[in-house]
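Examination of the molecular architecture
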Amino acid sequence: MPFIFLRQFFSRDKKRPRQTSTGLGTFLGVYTPTVLTILGVIMYLRFGWVLGQVGLLKTLLIVLLANAITLAASLSLSAIATNARVGVGGAYFIISRGLGVEIGGAIGLPLFLSQALSVTLYAYGLAESFRFIWPGLPLQLATFIIILLVGALSLKGADFALKVQVPMLGLIVISLLAMGGGSLLLPNYVAGGEIAAGVPFWAVFAVFFPAVTGIMAGLSLSGDLSDPQRSIPRGTLAAVLTGLVIYLLVPVLLNFGSDPATLRAEPLIWAKIAVLGPWLVLPGLWGAIFSSAVGSILGAPRTLQALSNDRLAPRILGKTYGVVGEPLFGLAATMVIALGAVFLGGLNAVATVVSMFFLTVYGVINLVAALEKISGNPSWRPRIHVPWAISLLGALACFAVMLLINPWATFIALGVELGLWLVLKKRVRSERWGDLRRDLYETIVRWGLFRLATRPMTARNWRPHPLVFVGDVSKRLDLVQFAAWFGENRGVMTVCELVEGDIMHLEFDPIQRAAEMDAVLKDAGIPAFAEVDVVRDIARGLITVAQANGLGGLEANTVMVGWPDSRKRLISFLKTIRPLKQLNRSLIIGRLDKIAPLHEGHQLEIHIWWGGLQRNGDLQLLLAYLLTCNIEWRNARIRVLSLASSELMVERTRLFLQKLIPEIRINAEIDVQMRQPGVSLRETMQRESSRADLVLLGLACPDEGKEEEYAERLAELTEGLPSCFLVHNGSLFIGELVSPQAEDEDEVVQSATENSLAADVAPEVESEPVDSVKMKAGVRDENPGSKG
């Protein structure tokens, strides 16, 4: 039972000093408005109907189920209230500080509107109840006058208005005693006529449930309480338990006082059963409705005041005036809405949507308490501890009840809140108090990382996680944009600025610089993490950062750098290939033109120059495919080009690629040509790829001491080409991206004797035959990297 969690709470906390404020206390500020809202019009006008429809046992079940949902919300509310200060705004304050100000605003704005409309609804109910005595009473005029009286009462301040409610509580108690005495002492009241039963159980539950949804009445006055952390949970829980006891007793008394047919037929059955009839029952009914209207007229301006304090409403609406400290402009706005709603008429549909907004608030408060507990937030230290399962079940039950009451009203309410959230998400500023979303994200990330670390990395799972090194991110946005395209927004990208120097003697703040990088990336619409690392040497720093990047099996696997301004820097990049390969990191060097508009009425082309000896083709093909998955490159034409030194090698290469490309399910054209005597590789590439939008070339791992010569060859080869990337595959899936399936187990597909592209195998340009690599289903060279 949830009550075991209350023992510590209801005992006096001697270590906790009392508040010295002169605000409202527990009884007047929380218990009275909450219990008066719970013991309202449903109890008087609908409880007999509920009993007549489903009988005593099912009625008691409905009471227990409905109160279990409310009690779960009350326990969650108590946990939140005892964990931190609850300021002005009650439910809005709790949700905005828990889930973020934009989510709080998305719920707080409809909540304010619901509270304002509730004043009209209660005033209409009170006016209708007067017709029991004055049948010809004009409803709209009476409702208008009642709203003005309630508003005038609230001008005296919350303290005075709540003191007026105390006599109302006395009238309700008297009506309960009168009804109980009549049911036990007087003969059963039986009226003529019969109204058929047969309303489904959940439809009856939906009619009764609004009777227990009054726990926000005291919470809305959080800013007026002398000690909210003590008063809110004590007053709310005491009121809920009081309502539970009364609601378990009333159907038993009604069952003694009348028969099912009469209970279904008579809306005001209490007046027929009670001692002295309507003389004792009607004042209690009027007191309950009037007190509910008072609670709404006090709560709505305070919700608006909290929204104003967070700049989600005009600031003037939050200002308080006079000795009583009432938000007068907020009260005026509430009155305007309430009085305007009088002339709408037919408020039944509006009333249902209003109930949906209130239930949404209860569900979200439950959700906040559950997520705070689940996330393991160190600051979550409430004085009353509620298991997260109770709060989570309470949240789910609230949304289930919404659907049971009215599915269409549920969708309307949730749609309005979703729309407000989308608008506020773009407008609200970051607040200093934070919210539990970070705690929840950290919990999910931690859970995922530990499980990710236990799963082996395979070619099927591999995706690029780019680590992009830049000197100035604003000048290398083209490179960063390509990295994002290669990751296809599925990988985790880090953009790192390497700074040579001593971290103890810097002329800038690395943290501030990283924040500036974040702003640049955000403005460019590129999802990436920014960091600044201070290193003694750029090349060694690149390897160190690449080695240290990542956590728990989620680390950068593809290092990207731009074309350097000096030949010396290019040589240093080439020297990193070997150690990066030891770390299973690929290296991509981009020599890029500025990104121009990609769609100008022609189909984009991506050219892959296939060498294959160092298995760079695996990564080149995958990068080209990932690029075409982005909307900017969708439907781009992929051409795989290769040069061979003889007719035999042309045929073998073509057969191999024709077998390979369908197996990897990438749409690409194959173009294998014979090298023409006297025509250099550079001239051939210029002829074929000068009009391409992107060129992918293999990047060899040069022998030690040969880096300078290789750098010169690369510069010559790429000069004059359009945007191009030099790709060295150092990933785990070298040679395993594709698995050609032979229908016959003995079938052997001989790969082409791939000739040596200068960008792929060596500084030399001439063909250099190598042994054919035998490849059949799932069988490859034992040492795929040995052949370059």
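Only a predicted model underlies this, so the values are computations on that prediction, with no experimental measurement involved.

Before going further, it helps to examine the environment of T236. Here T236 lies in helix α11 (residues 228-257). Accessibility expressed as a relative area gives 0% for T236, which makes it buried. As a C-alpha pair, T236 and L75 span 161 residues in sequence and 9.0 Å in three-dimensional space.

In this structure, M43, F208, Y247, L254 and W270 are the most contacted members of the largest nonpolar core, which totals 126 residues. Sort the elements by how many residues they give to this core and helix α4 (residues 47-81) lands first, with 15 residues. With residues up to four places along the chain from it excluded, the contact list for M43 reads I172, L176, I246, Y247 and W270. With 52 residues, the next largest nonpolar core counts F482, I588, L604 and I664 among its residues.

Scanning the entire structure with this criterion turns up 17 aromatic pairs. Taking 5.0 Å as the distance between ring centres and 70° as the angle between the ring planes, the aromatic pair formed by F130 and W286 counts as edge-to-face. You can see F130 sitting in helix α6 (residues 101-130) and its partner W286 sitting in helix α14 (residues 278-309), a full 156 residues away along the chain. Residue W286 is classed as buried on the basis of its relative accessible area of 19%. Plain terms: the ring middles of F208 and Y247 are 5.5 Å apart, the flat faces sit at 75° to each other, and that makes the pair edge-to-face. Remark: Y247 occurs in helix α11 and F208 occurs in helix α9 (residues 201-208); sequence separation between them is 39 residues.

What follows covers the packing of helix α2 (residues 26-38) against helix α8 (residues 158-185). As a packed pair, α2 and α8 sit with axes 10 Å apart at the nearest point and diverge in direction by 45°. The orientation of α2 relative to α8 falls into the category oblique. Judged by the sense of rotation from one axis to the other, the crossing of α2 with α8 is left-handed. Facing α2, whose interface residues are F27, L28, G29, T32, P33, V35 and L36, α8 presents D159, L162, K163, Q165, V166, M168, L169 and I172. Looking at the contact of α2 with α8 residue by residue, the class counts come to 10 nonpolar, 3 polar and 2 charged.

Of all the 8 residues making up strand β7 (residues 637-644), 7 are buried; the element is thus mostly covered by neighbouring parts of the structure. Bridge count for strand β6 (residues 605-609) against β7 is 5 bridges, and the pairing is parallel. Within β7, the residue paired with H607 across the bridge is R639. Pairing of β7 with strand β8 (residues 669-674), which is carried by 6 bridges, proceeds in the parallel orientation. Residue pairing across strands places L641 opposite D671, the latter belonging to β8. Regarding topology, helix α26 (residues 647-663) serves as the crossover connection from β7 to the parallel β8, and that connection is right-handed.

Another point: the pairing of strand β5 (residues 586-591). Of all 6 residues that make up β5, 5 are buried, and the element is covered over most of its length. Of the pairings in the sheet, the one linking strand β4 (residues 558-562) to β5 comprises 5 bridges and is parallel in character. Following the sheet pairing, V561 is matched in β5 by I589. The pairing of β5 with strand β10 (residues 724-728) spans 5 bridges and is antiparallel. Bridging from a neighbouring strand, L587 pairs with H728 of β10.

The next point concerns the packing of α6 against helix α15 (residues 328-342). In the contact formed by α6 and α15, the axes pass within 8 Å of each other and the chain directions differ by 50°. The pairing of α6 with α15 is recorded here as oblique in orientation. In the crossing of α6 with α15, the sense of the turn from one axis to the other is right-handed. Mapping the contact onto sequence places F112, L113, A116, L117, V119, T120 and Y124 in α6 and T334, I337, A338, A341 and V342 in α15. A breakdown of the residues in the contact of α6 with α15 according to their chemical character gives 10 nonpolar, 2 polar and no charged.

Let's shift gears to the sheet that holds strand β3 (residues 529-535). Overall, mixed pairing links the 10 strands, which are arranged β3-β2-β1-β4-β5-β10-β9-β6-β7-β8 in an open sheet. Edge positions in the sheet fall to β3 and β8, since each has one partner strand and no second. Strand-to-strand twist across the sheet, computed as the mean angle between neighbouring axes with direction ignored, equals 25°. As paired elements, β6 and strand β9 (residues 694-698) share 3 bridges and run parallel to each other. Bridge pairing in β9 places I606 opposite L694. Packed onto the sheet, helix α20 (residues 477-487) meets β1 (466-470), β2 (494-500), β4, β5, β9 and β10 and runs at close to 180° relative to β1. In the packing of helix α23 (residues 567-574) onto the sheet, contacts are made with β4 and β5, and the angle to β5 comes to roughly 160°.

Once that is clear, we can look at the pattern of salt bridges. Counting across every chain of the model gives 13 salt bridges. R637 is the salt-bridge partner of E605, the closest N and O atoms lying 2.7 Å from each other. With E605 in strand β6 and R637 in strand β7, this pair connects stretches of sequence that are 32 residues apart. What makes E605 buried here is its relative accessible area of 18%. Given the relative accessible area of 25%, R637 is considered partly exposed. Through salt bridges with shared partners, a single network forms among D472, E497, R513 and E516.

Right, let's get into unusual backbone geometry. Although it is not a glycine, L276 sits at a positive phi angle of roughly 65°. Position of L276 relative to the elements: it lies in the loop between α13 (269-273) and α14. Given a relative accessible area of 58%, L276 falls into the exposed group. A positive phi angle, close to 60°, is found at N584, a residue other than glycine.

Quick look at a nonpolar patch on the surface now. A grouping of L184, L185, L186, F256, V275, L276 and W279 is seen on the molecular surface, where their side chains present a nonpolar patch of about 830 Å² in accessible area. Relative to the elements of secondary structure, L184 occurs in helix α8. Classification of L184 as exposed rests on a relative accessible area of 55%.

Reading the values: the criteria
Residues numbered from 1 in each chain as written. Predicted model: local features only at pLDDT ≥ 70, side-chain atom pairs only at ≥ 80, totals over all residues. Heavy atoms only, no water. Helix = DSSP H or I, 4+ residues; strand = E, 2+ residues; numbered from the N terminus. Buried < 20%, exposed > 50% of the residue type's maximum accessible area, 1.4 Å probe, protein only. Core = buried A, V, L, I, M, F, W, Y, C linked by side-chain atoms within 4.5 Å. Contact = heavy atoms within 4.5 Å. Phe/Tyr/Trp six-rings, centres within 6.5 Å; stacked < 30°, edge-to-face > 60°. Axes fitted to C-alpha atoms, helices over the stretch in contact; angles between N-to-C directions. Parallel < 35°, antiparallel > 145°, perpendicular 65-115°, else oblique. Left-handed = near helix turned anticlockwise from the far one by under 90°. Nonpolar A, V, L, I, M, F, W, Y, C, P; charged D, E, K, R; others polar. Pairing = 2+ DSSP bridges. Right-handed = clockwise from strand over helix to strand, strands pointing away. Salt bridge = Lys/Arg side-chain N within 4 Å of Asp/Glu carboxyl O. Patch = residues over 30% accessible without salt bridge, like charges linked within 9 Å, V, L, I, M, F, W, Y side chains within 5 Å. Areas by Shrake-Rupley, 256 points an atom, 1.4 Å probe, with all protein chains shown as cover.

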